[in-house]
There are 2 protein chains.
Amino acid sequence: MNNKYIPLPVIKRLPRYHRYLEELKALGISHISSKELSERMGVTASQIRQDLNCFGCFGIQGYGYSIKSLYEEIGSILGLENQKKAILVGAGNLGKTIATHLKFDSRGFDLIGIFDADEEICGTAIGKMTIQPLTKLNSFCKRRHPDIAILCIPGENAAEMTDRLIELGIKGFWNFTQFDIAHTHKGVAVENVHLSDSLMTLCYRVNNMDGPDVNSK
Amino acid sequence: MNNKYIPLPVIKRLPRYHRYLEELKALGISHISSKELSERMGVTASQIRQDLNCFGCFGIQGYGYSIKSLYEEIGSILGLENQKKAILVGAGNLGKTIATHLKFDSRGFDLIGIFDADEEICGTAIGKMTIQPLTKLNSFCKRRHPDIAILCIPGENAAEMTDRLIELGIKGFWNFTQFDIAHTHKGVAVENVHLSDSLMTLCYRVNNMDGPDVNSK
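In this report, we go over the structure that sits alongside the text.

Thresholds applied
Residues numbered from 1 in each chain as written. Chains lettered and ligands numbered in written order. Predicted model: local features only at pLDDT ≥ 70, side-chain atom pairs only at ≥ 80, totals over all residues. Heavy atoms only, no water. Pairing = 2+ DSSP bridges. Helix = DSSP H or I, 4+ residues; strand = E, 2+ residues; numbered from the N terminus. Contact = heavy atoms within 4.5 Å. Axes fitted to C-alpha atoms, helices over the stretch in contact; angles between N-to-C directions. Salt bridge = Lys/Arg side-chain N within 4 Å of Asp/Glu carboxyl O. Least-squares fit on C-alpha atoms with pLDDT ≥ 70 in both. Phe/Tyr/Trp six-rings, centres within 6.5 Å; stacked < 30°, edge-to-face > 60°. Parallel < 35°, antiparallel > 145°, perpendicular 65-115°, else oblique. Nonpolar A, V, L, I, M, F, W, Y, C, P; charged D, E, K, R; others polar. Buried area = accessible area lost by both parts, 1.4 Å probe. Polar contact = N/O pair within 3.5 Å; in protein donor to acceptor, adjacent residues only side chain to side chain. 1 Å grid on protein atoms, 1.4 Å probe; cavity = no way out; pocket = protein on both sides within 12 Å on 5 of 7 lines; lining within 4 Å. Points joined across faces, edges and corners; volume = space filled by probe spheres on them.

1. Focus: the sheet that holds strand S5 (residues 125-126) of chain B
Here comes step 1: Here seven strands make up an open sheet; going across it, the order is S5-S6-S4-S3-S7-S8-S9 (chain B) and the pairing mixed. With one partner strand each, in any of the chains shown, S5 and strand S9 (189-192) of chain B form the two edges of the open sheet.
Here comes step 2: Where strand S3 (residues 84-89) of chain B and strand S4 (residues 109-116) of chain B come together, six bridges link them in parallel fashion. Among the inter-strand pairings, Ala86 of chain B is bridged to a residue of S4 of chain B, identified as Leu111 of chain B.
Here comes step 3: Contacting S3, S4, strand S7 (148-151), strand S8 (172-175) and S9 of chain B, helix H9 (residues 195-207) of chain A crosses the sheet at an angle of about 170 degrees to S9 of chain B.
Here comes step 4: Seen against the sheet, helix H7 (residues 158-167) of chain B touches S3, S7 and S8 of chain B and runs at an angle of roughly 165 degrees to S7 of chain B.

2. Some remarks on the side chain of His194 of chain B
Here comes step 1: Among the secondary structure elements, His194 of chain B is positioned in the loop between S9 and helix H9 (195-207).
Here comes step 2: Ignoring any residue separated from it by four or fewer positions in sequence, one finds His194 of chain B in contact with Arg19 of chain A together with Asn175, Thr177 and Gln178 of chain B.

3. Describing the pattern of salt bridges
Here comes step 1: Considering all chains together, one arrives at 16 salt bridges over all chains under this definition.
Here comes step 2: Glu39 of chain A serves as the salt-bridge partner of Lys35 of chain A, at 3.2 Å between the closest nitrogen and oxygen. Of the two residues, Lys35 of chain A and Glu39 of chain A both sit in helix H2 (residues 34-41), four residues apart, roughly one turn of that helix.
Here comes step 3: Note that Arg205 of chain A and Glu191 of chain B form a salt bridge whose closest N and O atoms lie 2.6 Å from each other.

4. As for the relation of the copies chain B and chain A
Here comes step 1: Note on the identical chains: chain B maps onto chain A by a rotation of 180 degrees and an axial translation of 0.0 Å, with an RMSD of 0.0 Å. Such values leave the two copies arranged in the relation of a two-fold axis. Among all residues of chain B, the one whose C-alpha sits closest to the rotation axis is Thr97 of chain B, at a distance of 3.5 Å.
Here comes step 2: A symmetric contact is evident, with 100% of the interface residues of chain B recurring at the interface of chain A.

5. Considerations on the packing of aromatic side chains
Here comes step 1: Scanning the entire structure with this criterion turns up four aromatic pairs over all chains.
Here comes step 2: When the centroid spacing of 4.9 Å and the interplanar angle of 70 degrees are considered together, the rings of Trp174 of chain A and Phe176 of chain A count as edge-to-face.

6. Some words on the packing of helix H1 (residues 8-26) of chain A against H2 of chain A
Residue and element names in this part refer to chain A.
Here comes step 1: The interhelical angle for the contact between H1 and H2, taken along N-to-C directions, is 105 degrees, at an axis separation of 11 Å. It follows from the interaxial angle that H1 and H2 lie roughly perpendicular. Across the interface between the two elements, Arg16, Tyr17, Tyr20 and Leu24 of H1 pack against Leu37, Arg40 and Met41 of H2.
Here comes step 2: Class assignment of the residues belonging to the contact of H1 with H2 gives a composition of five nonpolar, no polar and two charged.

7. Looking at the interface of chain B and chain A
Here comes step 1: The interface of chain B with chain A comprises 69 residues on the first partner and 69 residues on the second.
Here comes step 2: Summed over both sides, the interface between chain B and chain A buries roughly 6200 Å², with carbon and sulfur atoms accounting for 62% of that surface.
Here comes step 3: Of all residues in chain B, the largest losses of buried area upon contact with chain A belong to Arg19, Leu199 and Met200 of chain B, amounting jointly to 11% of the total for that side.
Here comes step 4: At the boundary of chain B with chain A, the tally comes to six salt bridges.
Here comes step 5: A salt bridge links Asp180 of chain B to Arg16 of chain A; its shortest N-O distance comes to 2.6 Å.
Here comes step 6: Taken together, the connections running from chain B to chain A amount to 33 residue pairs in polar contact (both at pLDDT 80 or more).
Here comes step 7: For the side of chain B that touches chain A, the secondary-structure elements that each account for two or more residues are helix H1 (8-26), helix H2 (34-41), helix H4 (67-78), helix H5 (93-101), S8, helix H8 (181-184), S9 and H9 of chain B.
Here comes step 8: The greatest single-element share of the side of chain B that touches chain A, amounting to 13 residues, is contributed by H9 of chain B.

8. Considering the layout of surface pockets
Think of a ball as big as a water molecule: rolled over the atoms, this probe shows where empty space is left.
Here comes step 1: In this structure, the second largest pocket encloses a volume near 1000 Å³.
Here comes step 2: Lining the second largest pocket are 42 residues; nearest its centre among them are Pro154, Gly155, Glu156, Thr177 and Gln178 of chain B.
Here comes step 3: Looking at the lining of the second largest pocket, the elements with two or more residues in it are H1 of chain A together with H5, S4, H7, H8 and H9 of chain B.
Here comes step 4: The dominant element in the lining of the second largest pocket, judged by the number of residues it contributes, is H1 of chain A, at four residues.
Here comes step 5: Taken together, the residues of the lining of the second largest pocket sort by class into 17 nonpolar, 13 polar and 12 charged.

Next comes the structure, spelled out in C-alpha cells:
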C-alpha cells in the first residue's frame, strides 16, 4: 500500500510506463532521459517529468532516470510485488487463453485455481493447473481465500456468479463478460475487457479516418 | 459514413449503448425511457438524453425511445452495417480465441482470412476458415483488399508486420500486441487491447480499494 497521493490520470498511465521500462530493462539499458522516453512512448517529455515527479522520481542531469529504480517504483505503486490470489471462472476457449497467455506473477497475481461448470472438461489440465468443477468453488474459497476472480463465463450466468463470488470473499473482478459488475455491485474493484466494444470502436475509427480524433484515447 | 458532428466522448459511449440496446431488443422490449435506461446503465438520465440528442434521437413523452430505431441509428453511426473486411494475423491460442469468440458480422467486420507463420498449423481450420501461411499474405491482400488486420503475433514481430500490412493497404489494426502502432504509424486507425495493462490496473484497484476512484474510467 502506498501513501503518496497520485492523481488518477497518472495511475492510468503507469501500466504503460511499466511496460516500456520492462522492454528497456530487457534490452540491458540502465538509464534513459525523459526526452528519449518521450520519443519512444509518444508522450511529451514534460508530461513524463511531471508524471514521474508525482511519486518522487527525479532524473539526474546528464544521466536521466535509472530504469531499474523507476521500474521497481512503478511496480510498487501498482502493488505488483504484493501478489494477490486469483481464480479463473470459465475455462472455455477464452478462459484457457487468458490462463496461458498472461504472465500473472509479474502483473501482481498468483493464479491459484480454475473452475468450470462443464463436468466433461473438469480434471483436464491448463498449464500446471487442473480444471475443477464449480461444485468445489465454495470449499476452495473458504480454504484458499482468493482475492480476485477472472470471469470468462457466458453473460447470462454472470450476475448470479458475481453474487456468489462476492459472498465467498472475492474483492475484485477481471471481467470479460458483458455483465456490468461495477454498476450493480458497489465496493468491489472491477476492470472490464469488453472486446466487442473495442471492435465497434475500431469500426467507427476505420469509417471516420479523416476526422481529427481517429486514435485519441 | 455519417455527416453529423458527434463529440468524441459521446462516440466512446456508443458501443456500450449498442450493447445494452441489443440485450433489450433480445428481451423483446420495444421502448425504454431515458430513466429506465439510465438505471440499467448506471449513467444519469440527463446524460443519456444529451447523448442521444446529439444524433437527433428524441424520446416520445410517455413512450420513451424506440429500442429498434435507436439500436439501428447507433449501429449506423458506428458504421456497423458498412462491413469492412478483416484478416487475422497470428493463429496461436489468442488468435484462435479471438476468431471464434466474437460475432464479427454484427460488429462491423467480415473475417475473410487467417494467417500464421507456423507452417505446421497452416491448412488446419478455425471455424469455417483455414489457416494460411504468411507466404500467401501478399497475394491474398492484392486479390481481396482487406481493410483491417487483427494482430495476435509476438510483439517482436509486430513492427515489421505492421509495415508490411500497411504496404498491402491495411487501414486499421485491432492490436493485441504490446507494439505501439499508433505512435509509430500515423494515419492508420488503431484500437489496442493491452491485456497486461488491464491486469496491472486491476492490481492497483484491488490494492487501493479504500480510495474514492476505485472503478472510475
